[in-house]
Amino acid sequence: MKRTKYLEDGRTLYEHICDRENILGAIQDASKDHHRDLQVQMMKENPEEYADAIEGILKTKSFHYSRFRTCDIVERGKKRHLCFTITFPDRVVQHAVMRIVAPILLGSCVKFTYAAQKGRGTHACSMEVRRFIRDDPEGTRFYLKMDVRHYFQNVSRDILWVQVKKKIKCPDTLELMHRLIYEVPGRKGLAIGLYISQILSSFFLSPLDHWIVEVKRMKMLRYMDDIIVFSDSKIKLHRLRKQIQYKLKTEFDLKLKDNYRVAPISTGLDFVGFVHYSDYTRLRKSVKISYKRVANCIIKRLKKRIPIDKHIMGALNSYAGMAGWCDSKNLYKNTYDRVMRAVEFGIEALRWSHQAKIFELRTCSTDDCI
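A quick note: this is a predicted structure, and the numbers were derived from the prediction, not measured. (Residues numbered from 1 in each chain as written. Predicted model: local features only at pLDDT ≥ 70, side-chain atom pairs only at ≥ 80, totals over all residues. Heavy atoms only, no water.)

### Some thoughts on unusual backbone geometry
Where we set the bar: Numbering goes from the N terminus for both helices and strands, where a helix is a DSSP run of H or I of at least four residues and a strand is a run of E of at least two. For the exposure calls, accessible area comes from a 1.4 Å probe over protein chains only, and a residue counts as buried if that area is under 20% of its type's maximum, exposed if over 50%, partly exposed in between.
The backbone of Met 224 shows a phi angle near 60 degrees, a positive value even though the residue is not glycine. Relative to the helices and strands, Met 224 is located in the loop between strand 5 (219-223) and strand 6 (226-231). Judged by relative accessible area, which is 13%, Met 224 ranks as buried. The backbone phi angle of Asp 253 is positive, close to 60 degrees, even though this residue is not glycine.

Dropping the structure here:
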């Protein structure tokens, strides 16, 4: 993300945060994917009234978090403690601040840092891995895969605050940022579920990225707390892993998980939902299983004549989009094409195609006998 210059017009950073257009944009951003929220529906009906209220809160510097809601979920076998705030004014103020501050913070990250940035998601990260492997086969023979232990829960707010003060010099903006960081429940860590946590967690490890790329001169990629480093030697990667482990403990007060891996790229690099090999890429096994489950669920609904809602079709299209970014031609044909054929022509179309395939196989076998 490019760093944006805001002080060319003579206004301070905080005045840009209080700007009317910025607040209206923050209301739109905070309303996305929350159309069922009553506050979001009320803001959409009369955004100017709520923009006046947010502008008054920011100009009087009276913002404090209203209240928090928490819940525990299990995601991909991991138990996560989520923390939410209400839309007005908490989430709107977070978006208003980060619309101005995020380009400055993330603008200092290396270009190999992904997540929480527009246009730098899992697909872009996967394509960068493939480019590394394609352009330098010898230099990417081996990889080191690491993960920080309980990253969000163990982020030191004091260390994060020191890093933020190096990038932001506006006193009023710093005062508001201090409230956003330190008024979250708990003495340590970033709350999973808050919008600012995505930006700050991606920014927190940027000094480590600069050290790996600029000092150690090694190719690396980072998606939030998942770090990948490439090299032509296992010995170099084991040595680097010990140095990173020491650096995380002393400078960031973090620990690496014990499940780090140093392996050749020929065994497959499982990263951001894909398994990358030297000459092809496949979907991760768990993603492939979920893809097939969604497809089978749709076919079962068609057999029982149960209506198919847009949410399950959206899940199918999402998995199909991932399959389209890798070498999964047969998987795409046996899942997405199969479902679309059943949706368009009815469930009988699957039976016809199955009988045609059996007839084709029998014809081929008789031809071979002749």
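### Some details on the pairing of strand 4 (residues 142-147)
Basically, it comes down to this: Whether two strands pair comes down to DSSP finding at least two bridges between them.
Of all six residues making up strand 4, five are buried, and the element is well covered by its neighbours. With six bridges joining them, strand 4 and strand 6 adopt antiparallel strand pairing. Note on strand 6: the bridge partner recorded for Asp 147 is Asp 226. Where strand 4 lies against strand 7 (residues 261-264), four bridges are found, and the strand directions are antiparallel. Within strand 7, the position partnered with Lys 145 by the bridge is Arg 261.

### Let's talk about the nonpolar core
As a reminder of what qualifies: We define a nonpolar core as any set of buried Ala, Val, Leu, Ile, Met, Phe, Trp, Tyr and Cys residues linked to one another through side-chain atoms lying within 4.5 Å. Contact between two residues is taken to exist if any of their heavy atoms lie within 4.5 Å; hydrogens are not considered.
Grouped together as the largest cluster of nonpolar side chains are 111 residues, with contacts concentrated most on Val 164, Met 177 and Leu 200. When residues of this core are assigned to their parent elements, the largest contribution, twelve residues, is made by helix 5 (residues 87-106). Setting aside chain neighbours within four positions, we find Val 164 in contact with Leu 174, Met 177, Ile 181, Leu 200 and Phe 203.

### Description of the sheet that holds strand 8 (residues 269-271)
Heads up, the rule is: Interaxial angles span 0 to 180 degrees and are taken between N-to-C directions of axes, which are lines fitted to C-alpha atoms, for helices over the stretch in contact.
Taking strand neighbours across the sheet as the criterion, the three strands line up as 8-9-10 in an open arrangement whose pairing is antiparallel. Looking at strand neighbours, the two that pair on one side only are strand 8 and strand 10 (281-283), the edges of this open sheet. Across the sheet, the mean angle from the axis of one strand to that of its neighbour is 25 degrees, orientation sign disregarded. In this structure, strand 9 (residues 274-276) lies alongside strand 10, joined through three bridges in antiparallel fashion. Looking across to strand 10, one finds that Phe 274 is bridged to Leu 283.

### A word on the packing of aromatic side chains
For any pair of aromatic rings, the description consists of the separation of the ring centres together with the inter-plane angle of the planes. Put simply, the test is: Aromatic rings from Phe, Tyr and Trp, with only the six-membered ring used for Trp, were paired whenever their centres fell within 6.5 Å, and each pair was classed as stacked if the ring planes differed by under 30 degrees, edge-to-face if by over 60, and tilted otherwise. Whether a charge sits over a ring depends on NZ of Lys or CZ of Arg being within 6 Å of the ring centre and within 35 degrees of the ring normal.
Under the definition given, this model contains eleven aromatic pairs. Ring geometry for Tyr 151 versus Phe 152: centroids 5.8 Å apart, planes at 75 degrees, classification edge-to-face. Accessibility assignment for this pair places Tyr 151 and Phe 152 in one class, buried. Through pairs of rings, three or more aromatic residues link up here, namely Phe 63, Tyr 65 and Phe 68. A cation sits over an aromatic face here: Arg 120 above Tyr 114, 4.4 Å from the ring centre.

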